[in-house]
Amino acid sequence: MAENNHFKQKYTPEETEECFQWFEQHADQLPASLQLSPSMNIPNLRATVEAFVHKLRQQMGSKTAYSGQFAVLLMIREHLREHFNIQTTSK
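Everything numeric in this text was worked out from a predicted model, so none of it was measured. (Residues numbered from 1 in each chain as written. Predicted model: local features only at pLDDT ≥ 70, side-chain atom pairs only at ≥ 80, totals over all residues. Heavy atoms only, no water.)

(A) Seen up close, the overall build of the chain. Helix and strand counts for the chain come out as three helices and two strands. In sequence order, the chain lays out its α and β elements as α-β-β-α-α. Against the compact-globule benchmark of 12 Å for 91 residues, the chain has a radius of gyration of 13 Å, which places it among compact chains. Expressed as a percentage of its 91 residues, the buried residues of the chain come to 34%. Looking at the chain alone, contacts between residues at least 24 apart form 69% of all its contacts between residues at least 6 apart. Looking at the chain as shown, the accessible area adds up to about 5700 Å², and 50% of this sits on carbon and sulfur atoms. Distance between charge centroids for the chain: 6 Å, based on 9 positive and 10 negative side chains. (Helix = DSSP H or I, 4+ residues; strand = E, 2+ residues; numbered from the N terminus. Rg over C-alpha atoms; globule rule 2.2 N^0.38 Å. Buried < 20%, exposed > 50% of the residue type's maximum accessible area, 1.4 Å probe, protein only. Contact = heavy atoms within 4.5 Å. Areas by Shrake-Rupley, 256 points an atom, 1.4 Å probe, with all protein chains shown as cover. Lys, Arg positive; Asp, Glu negative; His and termini not counted. Charge placed at Lys NZ, Arg CZ, Asp CG, Glu CD.)

(B) Fine view of the side chain of H26. Along the polypeptide, H26 turns up in the loop between helix 1 (13–25) and strand 1 (34–37). Judged by its relative accessible area of 1%, H26 falls in the buried class. Here the side chain of H26 touches W22 through a polar contact of 2.7 Å, landing on its backbone oxygen. (Polar contact = N/O pair within 3.5 Å; in protein donor to acceptor, adjacent residues only side chain to side chain.)

Everything listed here is a matter of geometry and, on its own, says nothing about what the molecule does.
See the structure below:
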């Protein structure tokens, strides 16, 4: 079962922006869907990630209320790196 070890109460603006940019740079490499765990299936991964990034960029800021959603985004990225070999690349 997938475990989210990324959660913390507060993320820095640098941490969040680095993650958002990673997803933007790799948008065309995302699989159509993602089975993140036995109980967590994301049928339209690209749309889900785009919605997460858009909402979190607008509303996260210094608020800790969105830390859980951001931690899920980090979990998705980790899964993609491990199982789909989508790595960080320089642009």
